[in-house]
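Coordinate inspection notes
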Amino acid sequence: MFSKIGVVVLLMPFLTSCGVKNAASNPKTLDIVKQYLLDYKNVTGKAFPEEALNNGTIDLVDTLPAAIAGQCSTWSNGSWAIILNNMYWEYAREEQRITLLYHELGHCLQGMDHRGKYDGKNFTSLMHPYTLPIGMFTSAQKAYVNELHTKIWSL
Ligand SMILES: [Zn+2]
């Protein structure tokens, strides 16, 4: 899911040629981005610095391998890009879209690495490298959102 290699060279011309585009401009993902920002505020008590959104893009693409649902790339100047597997997205349930995009936003907006483990019932973080099975997120949504922004799993 997480890689800073390979796509970097490929995406650079794309980023620089789309100056007006940013993460808030994709209507298919905008509601989830807004919810991510709201969750951040509810958990931390602070508003997320929304200007960070202007440094990045979120796009649905047909070029990712079938086994890769999404990918975050970051650059040293602070810009970032999330690409989501279009086929996965089209067939995914809403909760799968949320967990995928929250995961990639965790990488790209907050610099999070992979973490979490399987505790016998749940992956203990949305930053677990594998996408959550259907139903896992909705069964413990509050714990996942809290863990995402505090690193404390408290189910
Ligand atoms: Zn990842």
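You'll find the structure just up there.
The text that follows walks through the structure, step by step, so that each part is easy to find. Note that the structure is a prediction, hence the values are computed from the model and not measured. (Residues numbered from 1 in each chain as written. Predicted model: local features only at pLDDT ≥ 70, side-chain atom pairs only at ≥ 80, totals over all residues.)

Focus on the pairing of strand β3 (residues 80-85)
What counts here: Labels follow a simple rule on C-beta atoms placed from the backbone: if 20 or more others lie within 10 Å of a residue's own, it is buried; if 12 or fewer, it is exposed; otherwise it is partly exposed. We count a stretch as a helix when DSSP gives it H or I for four or more residues in a row; a strand needs E for two or more, and each element gets its number in order from the N terminus. A pair of strands is labelled paired if DSSP reports no fewer than 2 bridges between them.
The buried fraction of β3 is high, at six of six residues. Residue alternation in β3 divides its side chains into two sets, W80, I82 and L84 and A81, I83 and N85, and both sets are buried. In terms of strand pairing, strand β1 (residues 56-61) meets β3 through six bridges, oriented parallel. Counterpart to I58 in the pairing with β3 is I82. Pairing between strand β2 (residues 70-74) and β3: five bridges, direction antiparallel. Note on β3: the bridge partner recorded for Q71 is I83.

Comments concerning the environment of L60
What counts here: Contacts here follow a simple rule: the backbone-placed C-beta atoms of the two residues must lie within 7 Å.
Of note, L60 is situated in strand β1. Residues L60 and Y88, 28 residues apart in the sequence, show an inter-C-alpha distance of 9.6 Å. Apart from residues no more than four positions distant in its own chain, L60 is found in contact with K28, L84, N86 and W89.

Fair warning: the whole summary comes from geometry, so function is off the table for now.
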